[in-house]
Amino acid sequence: MPTINILPKEIYQLIAAGEVVERPSSIVKEMIENSVDAGAEHITVEIKNGGSTYVRITDDGCGIEREQVKKVFVSHATSKISNADDLNAIGTLGFRGEAMASISAVAKVELLTKADSEDVGTRYEIAGGEEISLDDAGCPKGTTIVVRDIFFNTPARMKFLKKDVTEGNAVAGIVDRMAISHPEISFRFIRDGKQTLITSGNGDLKSAIYSVFGREVSESLIDVDYSYDNMRVTGYVSKPTASRKSRAMQFFFINSRLVKSATAMAALEQAYKNSIMVGRFPMCVLNIELNPALVDVNVHPAKIEVRFANEKPIFDLVYYGVKSSVEADRSVKEADFSPKLEQIYDTPSKMNKTYTSKIDFFKKKDEPPVQQSFKIQPNEEFFRTSRSTLRSPRASYDLDIEYEDKNEELPKAEAVHTDEVEPAVAEEVQESPATCDENDNKSIDFKLIGEAFKTYLIVEIENELYFIDKHAAHERMNYEQFKAQATVETQMLLSPVAVNLSKDEFNVLCDNMDLLSRCGFEAEPFGDSAVIVRAVPSLVGDSDIKDLICEIAQKLLEHKTDITPDKIDWIYHSASCRGAVKAGDNTSPEEQRLFVAKLLSMPNIRFCPHGRPVFIKISKYDIEKQFGRV
């Protein structure tokens, strides 16, 4: 029978230290949290050799009285809590009383501190858990802690430290996160004798983000400030045009405590679902303020993970807060001209090659210029039709076009000189499915330049060119119309369509028949593994009904456990895509003008439901810069 041993102090201290002190960044995190809890307004962090040989934290907080100094390095000694009830509503960053004891067990620590009530400061040294000295010291109010030679007494653990650069970057990441979680504190970071970060401490989060991440990131952010059910989320999220390839720039804070929250992350990305492409991720710096009693931070040794009493309100708070800010954003994706022109022609043979053209771009032989002015008034009925109407060159539609032409004939596309045609006007649409402010519904003057590759409409507005993906735009317009309708308009099929499905797809559709009905589909089970469709939304038109139903079934099957409040969106996505005009479809100039006028009257449309941009903008300045005019 094995014998139960009581471990000596020097062993259990090393075990406890292993849970708290993993690397230099762990030490920096714990000590900065203590400085924040002490009410510091200025915190300086200095490291050498990635922090493995030297870490110094200086703050101007309340300091520690001399008779309390030794208690700092005793396990489970803390000023943050005093009884079990305090654990139910933790309002400080630190509370366990383990950090300093664990650090002193594996490193050499020097403490300099002075409380406001004392005339002289205190200097205390401890190494490997053993006290070395306690003396008077001349120092200002606050606390300075120097940690040297981490793991000096546990060389087996020291070999697990990574290169100095890697460890230093981990420390820098901790300082960055603390700086943006507490913009009211001025942080200063010195790395191997070089200052790499300083924040103003003026309480402005945007200023702290600028100091930490730079101008490009700070200029790509939009503000979030949303309250719900006695909770509040504040901070910044990135514009949809500034998404990234990873989640590395997502920072969540609960009452200014850095946390990892799968619930908040899912809510953030769900709010961007119709605004960024699959595989791209938004940036965020979001602080969730709530009653401390509703969150348990005592579930992880590093206090990085938390448990909520109820996750649904947290999801809704982040989701609706971020979604309202994203939908209010009016930014348009700008064209990227990199690589530069000189980088493309990188070989002497290409540089010396002469390109000539005999085409006269400015006039056509035996064809006089035509001067006409158009005023387009969008017809709502036209946009209630299916994609087949938009794509058909013989489609019948009602356009209100005023002419200023001698012959008063409908203009032909090949006869229009774009530099001589006066701009068309996008008039206000009374029943726009898109939600927008009153100031957004103003008429927009635009000039339709033409269409490229039967896919992209080219429009001039003031001193900018807009390339519009007509499929993406029409898809989003259909999607917004779906969402705006209280009851989706349906059309009966002349012949019902039977759709064969797998057992799983059949079951999930049978479970969601009410959902299909709300979306304008009339379907019912037809045998053991098929459904019969009798009616579809009017916007779908002559789409392939079988493929559409199969796609909806597959998406419902993949996302049947989603906690998203907009589960119905998956059906709207599929129907909108199927009902939209496709790239390569023929559209007449009149349809193009009407289409652009309708689109410009819906200012919140910037992305298709799949997240692809609807517009790409190129300014006159950028074009002239490419031609060397500026």
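On a predicted model such as this, the values are computed, not experimentally measured, just so you know.

What follows covers the sheet that holds strand β11 (residues 250-254). The five strands lie next to each other as β9-β10-β13-β11-β12, forming an open sheet whose pairing is mixed. Across the chains shown, the open sheet's two edge strands, defined by having one partner strand only, are β9 (221-228) and β12 (257-259). The mean angle between the axes of side-by-side strands here comes to 20°, regardless of whether they run parallel or antiparallel. Across the face of the sheet, helix α9 (residues 262-271) comes into contact with β10 (231-238), β11 and β13 (284-289) while running at roughly 130° to β11. Against the sheet, helix α10 (residues 311-328) contacts β9, β10 and β13, and its axis sits at roughly 135° relative to β9.

Right, let's get into the packing of aromatic side chains. Given two aromatic rings, one states the distance between the centres and the angle between the planes to describe the pair. In total, this model carries four aromatic pairs according to the counting rule given. With a centroid separation of 5.6 Å and 20° between ring planes, the pair formed by Phe213 and Phe251 is classed as stacked. Here Phe213 is found in helix α7 (residues 205-213), whereas its partner Phe251 is found in strand β11, with 38 residues between them in sequence. When its relative accessible area of 5% is taken as the criterion, Phe251 is described as buried. Among the aromatic side chains, those forming a connected cluster through ring pairs are Phe315, Tyr319 and Tyr320.

Moving on: the environment of Asp585. Structurally, the position occupied by Asp585 is in the loop between α18 (569-579) and α19 (589-600). Sequence separation between Asp585 and Lys454 is 131 residues; the distance between their C-alpha atoms is 6.3 Å.

Taking strand neighbours across the sheet as the criterion, the eight strands line up as β5-β4-β3-β6-β2-β1-β7-β8 in an open arrangement whose pairing is mixed. Edge strands, defined here as strands with exactly one partner in the open sheet, are β5 (130-137) and β8 (194-198). For this sheet the average axis-to-axis angle between neighbouring strands, irrespective of direction, equals 10°. Pairing analysis gives six bridges linking strand β1 (residues 42-48) to strand β2 (residues 54-59), with the strands arranged antiparallel. Residue pairing in the sheet places Ile47 in a bridge with Val55 of β2.

Most often, soluble globular proteins keep nonpolar side chains buried together rather than apart. Among the nonpolar cores identified, the biggest contains 51 residues, and Val28, Met31, Ile32, Ile43, Val45 and Val147 are the most heavily contacted of them. Ranked by the residues each element gives to this core, the list is headed by helix α6 (residues 164-181), at seven residues. Beyond its immediate sequence surroundings of up to four residues, Val28 is in contact with Val45, Val55, Ile57, Val171, Ile174 and Val175.

You can see Asp59 is positioned in strand β2. Within the local environment of Asp59, its side chain forms a polar contact with the backbone nitrogen of Gly61, the two atoms lying 2.8 Å apart.

Glancing now at α19. The end-to-end C-alpha distance of α19, which contains twelve residues, comes to 16 Å, matching closely the 16 Å that a straight helix rising 1.5 Å per residue would cover. Among the twelve residues that make up α19, twelve are buried, leaving the element largely enclosed by the rest of the structure. Within α19 the residues assigned to the buried category are Pro589, Glu590, Glu591, Gln592, Arg593, Leu594, Phe595, Val596, Ala597, Lys598, Leu599 and Leu600.

Here is what the cut-offs are and how they apply
- Residues numbered from 1 in each chain as written.
- Predicted model: local features only at pLDDT ≥ 70, side-chain atom pairs only at ≥ 80, totals over all residues.
- Heavy atoms only, no water.
- Pairing = 2+ DSSP bridges.
- Helix = DSSP H or I, 4+ residues; strand = E, 2+ residues; numbered from the N terminus.
- Axes fitted to C-alpha atoms, helices over the stretch in contact; angles between N-to-C directions.
- Contact = heavy atoms within 4.5 Å.
- Phe/Tyr/Trp six-rings, centres within 6.5 Å; stacked < 30°, edge-to-face > 60°.
- Buried < 20%, exposed > 50% of the residue type's maximum accessible area, 1.4 Å probe, protein only.
- Core = buried A, V, L, I, M, F, W, Y, C linked by side-chain atoms within 4.5 Å.
- Polar contact = N/O pair within 3.5 Å; in protein donor to acceptor, adjacent residues only side chain to side chain.
- Expected span 1.5 Å × (residues − 1).

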